[in-house]
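In case you want the letters, here they are:
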Amino acid sequence: MSVYQYGTTQITWRFKLDETLKHHYITIDNNEVVLLQGADINENHQRLLISKKAFWIKKQLKRHANQVKANVIKTGSRILYSGRYYYCDVIYDQSVVQPTITFNHSKFTITSNIGLTIDEASFTKIINQFYVDKCKNKLISRIRYWQKQTGLTANAISFKLSKNKWGYCKSNNELIINPRCLRLSPATVDYIIVHELCHTVEKLHNDDFWQLVDTHFPERKKQEDILKENFD
Ligand SMILES: [Zn+2]
């Protein structure tokens, strides 16, 4: 297989002779193999055709990798945080007792003792711990802000990871917020908070409730759609 270096990306391709083709075509199969097909040409000519399409090939390979391996995190993967995808570095370190994750300078770093790829189940544990650690700092001030803004008050605030709820309001008006909401944009998090604060007045999703939500958060429908799309 031949290799073309495009920036930091190595594009390897296979040539498939097909004299019936009028032009040369580049395709990328499910195993991320770049295939150049067409009439017989030498390697330099092949390289030229690959170089002309290098940007497109790079984009396709990346898109493919993201689709196929969305459940595996490795260096170069993107992690959703605060409504944006951030680059992630995975560092292998045998000496750490359990994987750690940090975020700074707009980049995640996972230091792991389980190798350079992190499977979905391990990653969920790692990222959930990150959200749990962040949520007090990030969410309490926001909840206070919205309490002031709306005049609605929760009796208590707590955080609990959940697979099927972004938040809820208990009968004693204690708000429970799912730390995983930190994946979403600040506007969406604000909506979750306002929604639950409105439940301190009305527990049911009835007309009165939605009217109250709309008073305090006119962008409700847009945020509801985002929440539906992002449910995991
Ligand atoms: Zn509700």
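Before we go on, may I ask you to explain the domain arrangement of the protein in this structure?
Interfaces are often sized by the amount of accessible area the parts lose when they come together. Taken domain by domain, the protein holds domain 1 (2–68), domain 2 (73–125) and domain 3 (134–229). For domain 2 and domain 3, the distance between their C-alpha centroids amounts to 28 Å. Opposite the four residues of domain 2 that make contact, domain 3 presents six residues.

Sorry, what's going on with the nonpolar core here?
Side chains of a nonpolar character, in soluble globular proteins, are inclined to be buried together. If you look at the biggest cluster of nonpolar residues, it comprises 36 residues, and the most contacted ones within it are Ile-110, Ile-126, Ile-127, Cys-181, Ile-192, Ile-193 and Val-194. Taken together, the elements giving at least two residues each to this core come down to β7 (84–92), β9 (107–112), α3 (120–150), β13 (174–177), α4 (186–198) and α5 (207–216). With nine residues, the top contributor of residues to this core is α3. Inspection of this core shows a minimum of three residues originating in each of domain 2 (73–125) and domain 3 (134–229). Not counting residues up to four positions away in its chain, the partners in contact with Ile-193 are Arg-142, Ile-143 and Trp-146.

Explain the sheet that holds strand β3 (residues 25–28) here, please?
In sheet architecture, strand pairing relies on hydrogen bonds along the backbone and comes in two forms, parallel and antiparallel. With respect to topology, four strands assemble into an open sheet ordered β1-β2-β4-β3, the strand pairing being mixed. With partners counted over all chains shown, the strands left at the sheet margins are β1 (2–6) and β3, one partner each. Ignoring which end each strand starts from, the neighbouring axes of this sheet average 35 degrees apart. For β1 and strand β2 (residues 9–17), the ladder comprises five bridges, and the chain directions are antiparallel. If you follow Val-3 over to β2, its bridge partner there is Thr-12. Against the sheet, helix α1 (residues 43–52) contacts β1, β2 and β4 (34–38), and its axis sits at roughly 35 degrees relative to β1.

Would you take a moment to explain the packing of α3 against α4 for this structure?
The packing of two helices is summarised by the inter-axis angle and the distance between the axes. For the pair α3 and α4, interaxial distance at closest approach is 10 Å and the crossing angle is 55 degrees. Classified by the angle between their axes, α3 and α4 sit oblique to one another. Here α3 runs over α4; the crossing is right-handed. Every residue of α4 that contacts α3 at Arg-142, Ile-143, Trp-146, Gln-147 and Thr-150 is listed here: Val-189, Asp-190, Ile-193, Val-194 and Leu-197. Split by residue class, the contact of α3 with α4 holds six nonpolar, two polar and two charged.

For this particular structure, what's the right way to read the sheet that holds β7?
Strand order across the open sheet formed by four strands is β6-β7-β9-β8, with mixed pairing between neighbours. At either end of the open sheet lies a strand with only one pairing partner, and these are β6 (78–81) and β8 (100–104). Averaged over neighbouring strand pairs, the angle between their axes works out to 35 degrees when direction is ignored. Note: β8 against β9, five bridges, orientation antiparallel. Note that in β9 the partner of Ile-101 across the bridge is Ile-110.

Help me understand the pairing of β7, please; the structure alone is not making it clear to me.
Along a regular strand, successive side chains alternate from one face of the sheet to the other. With four bridges connecting them, β6 and β7 associate as antiparallel partners. Paired with Tyr-81 across the two strands is Arg-84, which belongs to β7. Between β6 and β7, which pair antiparallel in sequence order, lie two residues; one of them, Ser-82, sits at a positive phi of approximately 55 degrees. Alignment of β7 against β9, held across six bridges, turns out to be parallel. From the neighbouring strand, Asp-89 faces β9, where its bridge partner is Thr-109.

About the cut-offs
By convention here, each chain's residues receive numbers from 1 onward along its written sequence. A pLDDT threshold of at least 70 governs which residues receive local features in this predicted model, and a stricter bar of 80 or more applies before side-chain atom pairs are shown or counted, although totals over entire chains, interfaces and linings include all residues. Marked domain ranges trace back to an automatic or database domain assignment. In this description, any two residues whose backbone-derived C-beta atoms lie within 7 Å of each other are considered to be in contact. In this usage, the nonpolar core is the set of buried Ala, Val, Leu, Ile, Met, Phe, Trp, Tyr and Cys residues whose C-beta atoms join them within 7 Å. For the exposure call, what matters is how many other C-beta atoms sit within 10 Å of a residue's own: 20 or more marks it buried, 12 or fewer exposed, and in between partly exposed, using C-beta atoms placed from the backbone. Here a helix means four or more residues in a row that DSSP labels H or I, a strand means two or more in a row labelled E, and each is numbered from the N terminus. The rule for pairing is simple: two strands pair if DSSP sees at least two bridges between them. Whenever a helix is involved, its axis is fitted only over the stretch in contact; in every case the axis is a line through C-alpha atoms, and angles between N-to-C directions fall within 0 to 180 degrees. Geometric relationships in this document are graded by angle, where less than 35 degrees denotes roughly parallel, more than 145 denotes roughly antiparallel, 65 to 115 denotes roughly perpendicular, and other angles denote oblique. The handedness criterion is simple: a crossing whose near helix is rotated anticlockwise from the far helix by less than a right angle is left-handed, and one whose near helix is rotated clockwise is right-handed. We call Asp, Glu, Lys and Arg charged. Ala, Val, Leu, Ile, Met, Phe, Trp, Tyr, Cys and Pro are nonpolar, and the rest, Gly among them, are polar.

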